[in-house]
Amino acid sequence: MVGVLSITTKSPYAVRALTELARCGGAAPVPIGELARRRDVPVQFLEQLFAGLRRAGVLRSQRGVKGGYAFAREPAEVTVLEVVELLDGRLGADADGIFAEAATAARTVLAKATIADVLERENRAAGAQMYYI
């Protein structure tokens, strides 16, 4: 039974980079190298992930000196589940029994969380850490 609840490294890396892109805010494109550096993601790997997300309409890109990536839709409209399924395929597609139940639970959690939510969680966690230092 292969790929029952398979999420590869693609999805977590993409969510990290998309969260950083959301942190940058605004409609101005952000260079992919900057996102990769800030979130410790290999640039070539991130380029592959973002190319797929661009084709799917999650991101838009701009070439040139002021080039980079920006959201094609608001970060609050992009769910973590959407990112996972664009990059890794349908979560739990071949699952049955208890694994199908687990996949449904995971899909529900990931469908409720948007990139904006992930950023908010990071901001709260950073604020909590700063408070206790």
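Residues numbered from 1 in each chain as written. Predicted model: local features only at pLDDT ≥ 70, side-chain atom pairs only at ≥ 80, totals over all residues. Heavy atoms only, no water.

## Considerations on the environment of L49
Filter applied, for reference: Counting from the N terminus, the helices are DSSP H or I runs at least four residues long and the strands are E runs at least two residues long. Residues count as neighbours in contact if any of their non-hydrogen atoms are within 4.5 Å of one another.
Relative to the helices and strands, L49 resides in helix α3 (residues 43-55). In this structure, the C-alpha to C-alpha distance between L49 and A17, residues 32 residues apart in sequence, is 9.8 Å. Setting aside chain neighbours within four positions, we find L49 in contact with K10, Y13, A14 and L87.

## Focus: the packing of aromatic side chains
Rule in force here: Two aromatic rings from Phe, Tyr or Trp, using only the six-membered ring of Trp, form a pair when their centres are within 6.5 Å; if the ring planes differ by under 30 degrees the pair is stacked, by over 60 it is edge-to-face, and anything between is tilted. Residue burial is assigned from relative accessible area. The probe radius is 1.4 Å, only protein chains are included, and a residue is buried under 20% of its type maximum, exposed over 50%, and partly exposed in between.
Tallied over the entire structure, the rule returns two aromatic pairs. With 5.5 Å between their ring centres and 85° between their planes, Y13 and F45 make a pair best called edge-to-face. In this pair, Y13 sits in helix α1 (residues 10-24) while F45 sits in helix α3, placing the two residues 32 residues apart along the sequence. Relative to Y69, the ring of F50 lies with its centre 5.1 Å away and its plane at 75°, an arrangement referred to as edge-to-face. Note that F50 is positioned in helix α3 and Y69 in strand β2 (residues 68-71), a separation of 19 residues in sequence. F50 gets classed as buried once you look at its relative accessible area, which sits at 0%.

## Some points on the environment of Q62
Assignment of secondary structure puts Q62 in strand β1 (residues 59-62). Judged by its relative accessible area of 36%, Q62 falls in the partly exposed class. Between the alpha carbons of Q62 and V30 there is a distance of 9.2 Å; along the sequence they are 32 residues apart. In this structure Q62 touches P29, G67 and G68, once residues within four positions along its chain are discounted.

## Points about helix α5 (residues 98-112)
Residues lying three or four places apart along an α-helix face the same way, a consequence of the helix completing one turn every 3.6 residues. Rules: To estimate how far a helix should reach, multiply one less than its number of residues by 1.5 Å.
Taking 1.5 Å per residue as the helical rise, α5 with its 15 residues ought to reach 21 Å, and the 22 Å between its terminal C-alpha atoms agrees with that figure. Its buried side turned inward, α5 meets α4 (80-88).

## Points about α3
Relative to the 18 Å expected for 13 residues at 1.5 Å per residue, α3 spans 18 Å between its end C-alpha atoms, a close match to the ideal helical length. For α3, every residue scored as buried is listed here: L46, L49, F50, A51 and L53. Phi turns positive, to about 90°, at G57, one or two residues after α3.

## A few points about the environment of A70
Mapped onto the secondary structure, A70 falls in strand β2. Look at A70 and you get buried, because its relative accessible area is 3%. The spatial distance from the C-alpha of A70 to the C-alpha of A106 is 27 Å, given a sequence separation of 36 residues. Other than its neighbours up to four places away in sequence, A70 contacts L21, A27, A28, P29, L59 and R60.

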